Amino acid sequence: MPKILILNGPNLNLLGQRQPEIYGAQTLDDVADLCRATVGEGVDLQFEQSNHEGTLVDLIQAGRNDADAIVINPGAYSHTSVAILDALNAYDGPVIEVHISNIHKREAFRHHSYVSARADAVIAGLGTEGYAAALRRLMQLLG
Ligand code: CA2
């Protein structure tokens, strides 16, 4: 069975609790449920969140052995982390970067993402539906 690793970066554990005008009302548990409902029974999902850059690097490295694709919302590390970019560059499968908000419509410091240099696709501004869109695309790619 194909396996997809879904990674969420810092502060995404607060989804649904603050700033609903930017990030919507869904919690991260709701997003995990949406992801499971999107893929159904035929795909193994590992859904993770960490506030720590090194933990995200460790999870990406572990994915080299057992994940067929990665969906990543790196949160604020998108805009700062060469370490996460390097880890993704050492990973061979497809990678889709997701942002709940449209980072290009926000502050200038959010317009650049280091991760986008590695991502096969970037989704921004679809709200939490962006995770479902990423998974549908990966299921196509993985056949
Ligand atoms: O739009 C996205 O998904 C972001 O990756 C979310 C990050 C932000 O730093 C990126 O620029 C864009 C922040 C996630 C923090 O989420 C919160 C949710 C509720 C309350 C506070 C933070």
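Above this text sits the structure in question.
Residues numbered from 1 in each chain as written. Predicted model: local features only at pLDDT ≥ 70, side-chain atom pairs only at ≥ 80, totals over all residues. Heavy atoms only, no water.

1. So, the overall build of the protein chain
Definition in use: A run of H or I in DSSP becomes a helix once it reaches four residues, and a run of E becomes a strand once it reaches two; helices and strands are each numbered from the N terminus. Atoms counted for the radius of gyration: C-alpha only. Globule rule: 2.2 Å times residue count to the power 0.38. Exposed residues in this analysis have more than 50% of their type's maximum accessible area, buried residues have under 20%, and partly exposed residues fall in between, with area computed by a 1.4 Å probe over protein chains only. Two residues qualify as a contact provided that any one of their heavy atoms is within 4.5 Å of a heavy atom in the partner residue. Throughout, the Shrake-Rupley method with a 1.4 Å probe supplies accessible areas, and for residues the shown protein chains are the sole cover considered.
Across its full length, the protein chain holds five helices and five strands. Ordered by position from the N terminus, the helices and strands of the protein chain form the series β-α-α-β-α-β-α-β-β-α. Whereas a compact globule of 143 residues would reach a radius of gyration of roughly 15 Å, the protein chain reaches 14 Å, a difference of no more than 12%. Projected onto its principal axes, the C-alpha positions of the protein chain cover 40 × 30 × 25 Å. For the protein chain, with 143 residues in total, the buried portion stands at 46%. Counted over contacts in the protein chain with a minimum sequence separation of 6, partners at least 24 positions apart contribute 78%. Put simply, the protein chain shows about 7,100 Å² of open surface, and 46% of that area lies on carbon and sulfur atoms.

2. Focus: the sheet that holds strand E5 (residues 121-124)
Note the threshold: A pair of strands is treated as paired once DSSP finds two or more bridges between them. Lines fitted to C-alpha atoms define the axes, with helix axes restricted to the stretch in contact, and inter-axis angles between N-to-C directions lie between 0 and 180 degrees.
The five strands are arranged E2-E1-E3-E4-E5 in an open sheet whose pairing can be described as parallel. Among the strands making up the open sheet, the edge pair consists of strand E2 (44-49) and E5. Neighbour to neighbour, the strand axes of the sheet diverge by 15° on average, direction disregarded. Here three bridges tie strand E3 (residues 69-73) to strand E4 (residues 95-99), and the two strands are oriented parallel to one another. Paired with Ile72 across the two strands is Glu97, which belongs to E4. Running over the sheet, helix H2 (residues 28-39) touches strand E1 (3-8) and E2 and is turned about 165° from E2. Across the sheet, helix H3 (residues 53-66) touches E1, E2 and E3, and the angle it forms with E1 is around 175°.

3. Some thoughts on the nonpolar core
Convention followed: Note on terminology: a nonpolar core comprises buried Ala, Val, Leu, Ile, Met, Phe, Trp, Tyr and Cys residues joined through side-chain atoms within 4.5 Å.
Membership of the largest hydrophobic core comes to 22 residues, with the highest contact counts inside it found for Ile4, Ile6, Cys35, Leu45, Val71, Tyr131 and Leu135. When residues of this core are traced back to their parent elements, those giving at least two are E1, H2, E2, E3, E4 and helix H5 (129-142). The element contributing the most residues to this core is H2, with five residues. Apart from the residues within four sequence positions on either side, Tyr131 is in contact with Ile6, Asn8, Val31, Cys35, Val71, Asn73, Val98 and Ile100. With 16 residues, the next largest nonpolar core counts Leu5, Leu56, Tyr91 and Val115 among its residues.

4. Describing the side chain of Lys3
Note that Lys3 resides in strand E1. Contacts of Lys3, omitting those with residues within four sequence positions, involve Asp44, Gln46, Asp66, Ala67, Asp68 and Ala69.

5. Topic: the pattern of salt bridges
Note the cut-off: A pair is scored as a salt bridge if a Lys or Arg side-chain nitrogen falls within 4 Å of a carboxyl oxygen belonging to Asp or Glu.
Enumeration according to the criterion identifies six salt bridges in this entry. Across the salt bridge formed by Glu107 and Arg110, the nearest N and O atoms sit 2.7 Å from each other. By relative accessible area, which is 18% here, Arg110 ends up buried. Each of Arg106, Glu107 and Arg110 takes part in a single network of salt bridges with overlapping partners.

6. Structural notes on helix H4 (residues 82-89)
How we decide: Read the arc as the range of directions from the helix axis to the C-beta atoms. Throughout this description, a polar contact denotes any pair of N or O atoms lying within 3.5 Å of each other; where both atoms belong to protein, one of them has to be capable of donating a hydrogen while the other can accept it, and for residues adjacent in sequence the pair is counted only when both atoms sit in side chains.
If you check which residues of H4 are buried, you get Ile84, Leu85, Ala87 and Leu88. One side of H4 holds all its buried residues, which, seen down the axis, span an arc of 160°. The N-terminus of H4 is capped by Ser81, whose side-chain oxygen sits 3.4 Å from the backbone nitrogen of Ala83.

7. Brief notes about the site of the ligand
Rules: For each residue, the test is whether any non-hydrogen atom lies within 4 Å of the molecule or strand; if one does, the residue is near. In this analysis the probe radius is 1.4 Å and the grid spacing 1 Å, with only protein atoms considered; a cavity is a set of points the probe fits into but cannot get out of, a pocket is an open set with protein on both sides within 12 Å along at least five of seven lines, and lining residues have an atom within 4 Å of a point. Assignment to a cavity or pocket requires that more than half of a molecule's atoms be within 2 Å of the site's grid points. Three classes are used: nonpolar for Ala, Val, Leu, Ile, Met, Phe, Trp, Tyr, Cys and Pro, charged for Asp, Glu, Lys and Arg, and polar for all others, with Gly counted as polar.
Taken together, 17 residues lie near the ligand, and Asn73, His79, Ile100, Ser101 and Arg110 sit nearest. Here Asn73 contributes a side-chain N or O atom positioned 2.8 Å from an oxygen atom of the ligand. Here an oxygen atom of the ligand and a side-chain polar atom of His79 are 2.7 Å apart. Contact with the protein chains hides 94% of the accessible area of the ligand, taken as 510 Å² for the molecule alone. More than half of the atoms of the ligand fall within 2 Å of the grid points belonging to the largest pocket. Here the shell around the ligand is composed, by residue class, of eight nonpolar, seven polar and two charged.

Fair warning: the whole summary comes from geometry, so function is off the table for now.
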